There are 2 protein chains.
Amino acid sequence: MTGWLRIVGLGPGADAMRTHEVSAALAAASDLVGYAPYLARIATLPGQTAHGSDNRVELDRARHALALASAGHRVAVVSGGDPGVFAMASAVFEAVEHGEPAWRDLDITVLPGVSAMFAAAARLGAPLGHDFCAISLSDNLKPWSLIRTRLLAVASAGFVIALYNARSKARPDQLQAAFTVLAEALPGSVPVMFARAIGGDGEKITLTTLAEADAGLADMRTLVMIGTTETRMITRSDSRPFVYAPRSVEAI
Amino acid sequence: MTGWLRIVGLGPGADAMRTHEVSAALAAASDLVGYAPYLARIATLPGQTAHGSDNRVELDRARHALALASAGHRVAVVSGGDPGVFAMASAVFEAVEHGEPAWRDLDITVLPGVSAMFAAAARLGAPLGHDFCAISLSDNLKPWSLIRTRLLAVASAGFVIALYNARSKARPDQLQAAFTVLAEALPGSVPVMFARAIGGDGEKITLTTLAEADAGLADMRTLVMIGTTETRMITRSDSRPFVYAPRSVEAI
């Protein structure tokens, strides 16, 4: 029996935002490996084994998945969103590089998914419609000084900014600190968008400005987006405004 | 009859990388509007009308789609990849803002898709596994001086860079100029990845370095990615190396 490993992205909360090839890989797998709340979003089929784990053990989880594939299992490692964006794909390759030499020649494929910032952008309109970036605010894996440097670099250069891992119970303070850093480079009128649990239970969008942004609105399921001075709002009579980035940009 | 507008992302070349909700919207539409080569990827159903157009008429196409929806049609505006990433969503909202006041209250929804950089990253391994950005190299809609400023800002701050609209027959020179700018901030050993037509006919991946990168390898179907000094390569006996960004980053 030849094993394989598929590192799949479930997309945002809704199954409707999953790709056809990810659904097929989940159906073909003998073993599902991932953070327990993501596994809970998948209906396990007869004969499948689900291996749920805690959030902070990515490398252990990756090694476990590689060992299973090596032993002939058909393994799907699941991430929310896209597996290549602050998720399991890097952890699996890190485990491959530093693990058993035979793991390098396993049948390993990454199947992309819709990452949170695109689902959030779609709900809002098209706020990422021009140059943009994604930054993880977690300082577990990089120093805060580097996060600060990056925030200032992209804000000064006019990128729309998507903040992943913006806030959690273990890291309640980075997001407000990030708003303070961004205020050094951006006017207070720049739009700030909180997009919580898009496509899932408890979906919520909040539009505000950098001057008024309250980090307390974010939790671990919230993607935070910072617009630019070019970001446009289209008011509507009965609904939230559409937010979009114009396609053309003048010199800054 | 109540019309609607869905701005949908087909994902990369393969139908397998399309989401379930996009497939459903395409099936429910009365009219399909888009750049002709994207429409050619969809099997038109009986009763559906396809309105194909040239590449450079986004605003005209957007207004046409809005007028159809306003007249009661069920309209899907299609983009390759994700509609919010250098694609039709911004053009539609620009047309809404400056068009008929009634267009603001139409039923308009954006359905996200897998953007080219994530499909490219998935084929390569996980090169976007840490902070990253996306920049369009087209200077049709912004001055080259701004592109230069942005390239230097993100390269100096250690972002992985995905270049959209890297090269076309009408703009053959920007990509090599971008490599020259990047060389001011990055060592020549930094990995450069050319990902052409991922999931489609003529798919091709080329791995090289900034010092050796030849812009001639790119055409209008090529996504170009620039790694960082942290990017890792995992050699394999019979295949292309896996490329990934480690999850942890030291100060730069």
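Structure shown above.
Residues numbered from 1 in each chain as written. Chains lettered and ligands numbered in written order. Predicted model: local features only at pLDDT ≥ 70, side-chain atom pairs only at ≥ 80, totals over all residues. Heavy atoms only, no water.

Colleague: Tell me what's going on with helix H7 (residues 174-182) of chain B, and back it up with residues and numbers.
Modeller: Residue and element names in this part refer to chain B. Buried within H7 we find Gln174, Leu175, Ala178, Phe179, Val181 and Leu182. End-on, the buried residues of H7 take up no more than an arc of 160°, which puts them together on one face. Next to the buried residues of H7 lie helix H6 (144-156), strand E8 (160-164), strand E9 (191-196) and strand E11 (222-226). (Buried < 20%, exposed > 50% of the residue type's maximum accessible area, 1.4 Å probe, protein only. Helix = DSSP H or I, 4+ residues; strand = E, 2+ residues; numbered from the N terminus. Arc of directions from axis to C-beta. Contact = heavy atoms within 4.5 Å.)

Colleague: Go over the interface of chain A and chain B with me, naming the residues and quoting the values.
Modeller: Taken together, the contact between chain A and chain B spans 71 residues of the former and 71 residues of the latter. Across the interface of chain A and chain B, roughly 6300 Å² is buried in total on both sides, 60% from carbon and sulfur atoms. For chain A, the biggest contributors to the area lost against chain B are A:His20, A:Arg150 and A:Arg247; these three give 12% of the whole. At the junction of chain A and chain B, the tally comes to 10 salt bridges. Joining chain A to chain B, the criterion identifies 37 residue pairs in polar contact (both at pLDDT 80 or more). In terms of residue count, helix H4 (residues 88-98) of chain A provides more of the side of chain A that touches chain B than any other element does, eight residues in total. Residues belonging to the side of chain A that touches chain B are distributed by class as follows: 39 nonpolar, 15 polar and 17 charged. As paired strands, strand E7 (residues 132-136) of chain A and strand E7 (residues 132-136) of chain B are joined by three bridges and run antiparallel to one another. Each residue of the ladder has a partner; that of A:Phe132, found in E7(B), is B:Ala134. (Buried area = accessible area lost by both parts, 1.4 Å probe. Salt bridge = Lys/Arg side-chain N within 4 Å of Asp/Glu carboxyl O. Polar contact = N/O pair within 3.5 Å; in protein donor to acceptor, adjacent residues only side chain to side chain. Nonpolar A, V, L, I, M, F, W, Y, C, P; charged D, E, K, R; others polar. Pairing = 2+ DSSP bridges.)

Colleague: Let's hear about the pattern of salt bridges: which residues, and what values?
Modeller: Considering all chains together, one arrives at 22 salt bridges over all chains under this definition. Across the salt bridge formed by B:Asp15 and B:Arg18, the nearest N and O atoms sit 2.9 Å from each other. According to the relative accessible area criterion, B:Arg18 is buried, its value standing at 7%. As a salt-bridge pair, B:Asp60 and B:Arg63 come within 3.0 Å of each other at their nearest N and O atoms. Note that B:Asp60 and B:Arg63 are positioned in helix H3 (residues 58-70) at a spacing of three residues, about one turn of the helix. When salt bridges with common partners are traced through the structure, they connect A:Glu58, A:Glu94 and B:Arg247 into a single cluster.

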